[in-house]
Amino acid sequence: MDFQQIVFPYRRSADHDARAPLRHPVVVVGAGPVGLSLAIDLALQQVPVVLLDNDDRLSTGSRAICFAKRTLEIFDRLGLGQRVVDKGVSWSTGRVYLRDAPIFSFDLQPETTHERPAFINIQQYYVEGFLAKRAMELPLIELRWKHAVVGVTQEADAVTLQVQTPDGTFALQAEHVIACDGARSSVRQLIGQEAKGRTFKDRFLIADVKMAADFPAERWFWFDPPFHPGQSVLLHKQPDGVWRIDFQLGWDADPEAEKQPERILPRVRALLAHSAMKDAPFELEWASVYSFSCERMERFRHGRVLFAGDAAHRVSPFGARGANSGVQDAENLAWKLAAVMQRRAPDALLDSYCAERELAADENIGHSTRATDFITPKSDVSRLFRDATLQLARDHPFARSLVNSGRLSTASTLHGSPLSTPDRDAFGGALGPGAPALDAPLRRDGRDGWLLRELGTGAFTALLFAGADDESDAHALQQAASGVAPLQVLRVAHDGDGRSAGLRTVVDSSGLIAQRYDGQPGTVVLLRPDQHVCARWRRVSGDAAHAALRRALALH
Amino acid sequence: MALITAPHFEAADAFYEALIDAHRDLSAAQSHELNAKLVLLLANHVGEHAALNDALAAARASVLHAGVKPKESL
């Protein structure tokens, strides 16, 4: 099936003919990777969603292309991870070249003991297509194509949206509106807000080229290659024999002229001529010329309207932090919105979305800005140090740590989150409060599996490392959660440990769960529904667990 | 301050001589390049972030303030 040819049907909705605007719990604006992920996550937590998109097609061209491990893990929970991974090209190695010589390589995931790879490459339209298909399976989602938001009015208890369709304009109401409508967000403009930041004075040609090339599935980045002197080039493998090539052009390039095939083809030919595939046939699938901005809204929440993904924050593409951070926004918001809508948590829980994801946006913008400053030095002295670093990197390992062709997306640790309970007990390891859960292999009922697959949607999980009092600990945890939040207790046992009646038990067959979480007999690690650590204890008490769960729901 | 600014050289005069010597016969552009590479090599050797920040601040302050003479006296 050619995903680029899919046209989704416009349908007239019941709202259109209502005498007074109908009120919906949640309206999500924008059916891109972020809006679709959010809608699916909400529906899986029993929250009905109206999802509006101003178009009726999937995105054009490869666009986001690199989907990170954390995003794949979220897609697993949403029920489409395997489909995305099966279609995508998995990779974890990056190579950096100066002129025509490799200066170093990096492996983003040297451990093989995780279910998902560091990254897959896949055209954004496939990801959107798989997400849309998943959304259409869920009766709680109403996906409405050709519905453009043209007006936003906030009242005390609802937001009224004016929506333009091929049948004309109508109004609908929502208790909460989540704007996932991209870098040029119309919702943002309609409420009079803007994203502020830096635009980089450089232009990049991005081309999807179909060719029978035999480059490996690695990220290749050239500084000053002989086939494109003075600039940088990035090469990525995609499914369907399509290669994504990013050519740095400089600020003076004419974006219209550079988009023309007669300009693009010689650039691709020059790249191929420098490889073993001189004169290999190829065809151009899609091309675009970009300049980059790093910017964000000052606040991601304005009353009952919240912003996620590119609508809230924007980064340069080096590091693949756009779509990946947007999907993390969606996951952070979904369980909180569900808890608020279902009256299990106060409205203040939504403020924690802003606190956590605004910091994550700053971290992403920081990385992306540093990479862009390295790739596009903005002063003579900046270029002097950049070139000095690259030349030293050939001979001296230390300089390789300074070479920045993009620091690739990893899940953000939610430092200083108001929802985290600070450690009182002594712990080693990196998985402190705020850290995203790490995957590890396990056995359950005699079958091999993965830890993250054992964590449900919409519920907290307490990892209880098997000790002397598992049953009473588990009972205390369940009592602590009773009336506060859904909680799954997952007992993590060693091979030799016996079963424990009534306790869901997994076997830490490789010892890696204990190693990664610094688990000792009796240790409890409390994970939020979005799989971030929010508290941990060497010995748990019901009171401490109760307080930690309330804190994680902003129930102070 | 994490940066050592008290005398710390094993052989101060010899180092100074070697520094100037390293620039011998270089163009101004090559000297800039050498200085940049020297900064990077030494920064890695120091490693300690606080000391590096102190050094950057001290050098910048010296450029902006201490090194400037009043205009009249130029």
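Since the model is a prediction, treat every value here as computed from it, not as a measurement. (Residues numbered from 1 in each chain as written. Chains lettered and ligands numbered in written order. Predicted model: local features only at pLDDT ≥ 70, side-chain atom pairs only at ≥ 80, totals over all residues.)

Thoughts on the sheet that holds strand 21 (residues 313-314) of chain A
Residue and element names in this part refer to chain A.
Inference 1: Strand order in the open sheet formed by three strands is 12-18-21, with antiparallel pairing between adjacent strands. Strand pairing shows two members of the sheet lacking a second neighbour, strand 12 (195-199) and strand 21, which therefore form its edges.
Inference 2: Both strand 18 (residues 293-297) and strand 21 contribute to a ladder of two bridges, which runs antiparallel. By the bridge assignment for strand 21, arginine 296 is matched with histidine 313.
Inference 3: Each of strand 12, strand 18 and strand 21 is contacted by helix 9 (residues 348-375), which is oriented at about 165° to strand 18, the strand it contacts most. (Pairing = 2+ DSSP bridges. Helix = DSSP H or I, 4+ residues; strand = E, 2+ residues; numbered from the N terminus. Contact = placed C-beta atoms within 7 Å. Axes fitted to C-alpha atoms, helices over the stretch in contact; angles between N-to-C directions.)

Focus on unusual backbone geometry
Residues and elements named next belong to chain A.
Inference 1: The phi torsion at aspartate 240 lies on the positive side, around 65°, for a residue other than glycine.
Inference 2: Considering the arrangement of structural elements, one finds aspartate 240 in the loop between strand 15 (232-237) and strand 16 (242-248).
Inference 3: For aspartate 240, a count of 12 C-beta atoms within 10 Å corresponds to the exposed category.
Inference 4: Positioned with a positive phi, alanine 320 is a non-glycine residue whose angle comes to about 55°.
Inference 5: Within the fold, alanine 320 resides in the loop between strand 21 and helix 8 (322-341).
Inference 6: A residue is classified by how many C-beta atoms lie within 10 Å of it, and alanine 320, with 24 of them, is buried. (Buried ≥ 20, exposed ≤ 12 C-beta atoms within 10 Å, placed from the backbone.)

Some points on the environment of Ala459(A)
Residue and element names in this part refer to chain A.
Inference 1: Mapped onto the fold, alanine 459 is located in the loop between strand 23 (447-450) and strand 24 (460-465).
Inference 2: C-alpha separation for the pair alanine 459 and glutamine 45, spaced 414 residues apart in sequence, amounts to 9.3 Å.
Inference 3: Those residues in contact with alanine 459 that lie beyond four places of it in its chain are Pro486, Leu487, Gln488 and Pro529.

Details of the packing of helix 8 of chain A against helix 9 of chain A
Relative orientation and spacing of two packed helices are given, respectively, by the angle between their axes and the distance between those axes.
All names here are of chain A.
Inference 1: Across the interface, helix 8 lies against helix 9 with an axial gap of 9 Å and an inter-helix angle of 170°. As judged from the angle between their axes, helix 8 and helix 9 are roughly antiparallel. For the pair helix 8 and helix 9, contact is made by Ser325, Gln328, Asp329, Asn332, Leu333, Lys336, Leu337, Ala339 and Val340 and by Leu349, Leu350, Ser352, Tyr353, Glu356, Arg357, Ala360, Ala361 and Asn364, respectively.
Inference 2: Split into classes, the residues belonging to the contact of helix 8 with helix 9 amount to nine nonpolar, five polar and four charged. (Parallel < 35°, antiparallel > 145°, perpendicular 65-115°, else oblique. Nonpolar A, V, L, I, M, F, W, Y, C, P; charged D, E, K, R; others polar.)

Side note on the packing of helix 1 (residues 33-44) of chain A against helix 8 of chain A
Residue and element names in this part refer to chain A.
Inference 1: In contact at an axis separation of 8 Å, helix 1 and helix 8 are set at 25° when each is read in the N-to-C sense. Between helix 1 and helix 8, the crossing angle belongs to the class labelled roughly parallel. Our pair here, helix 1 against helix 8, has a crossing hand that is right-handed. Contacts from Pro33, Val34, Ser37, Leu38, Asp41 and Leu42 in helix 1 reach Ala323, Gly326, Val327, Asp329, Ala330, Glu331, Leu333, Ala334, Leu337 and Ala338 in helix 8. (Left-handed = near helix turned anticlockwise from the far one by under 90°.)

Topic: the confidence of the model for chain B
Inference 1: On average, residues of chain B score 91 in pLDDT, and 88% of them are at 70 or above.
Inference 2: The complex prediction reports pTM at 0.95, with the ipTM value standing at 0.91. (pLDDT = per-residue confidence, 0-100.)

Examining the pairing of strand 11 (residues 168-179) of chain A
Residue and element names in this part refer to chain A.
Inference 1: Two strands pair when backbone bridges link them, and strand 1 (residues 23-29) and strand 11 are joined in this way by six bridges, in the parallel orientation. Looking at the pairing, histidine 24 lines up with alanine 174 of strand 11.
Inference 2: Inspection of the sheet shows strand 10 (residues 159-165) paired to strand 11 by seven bridges, in the antiparallel sense. Along strand 11, the bridge assignment pairs leucine 161 with leucine 172.
Inference 3: Between the end of strand 10 and the start of strand 11, which pair antiparallel, lie two residues.

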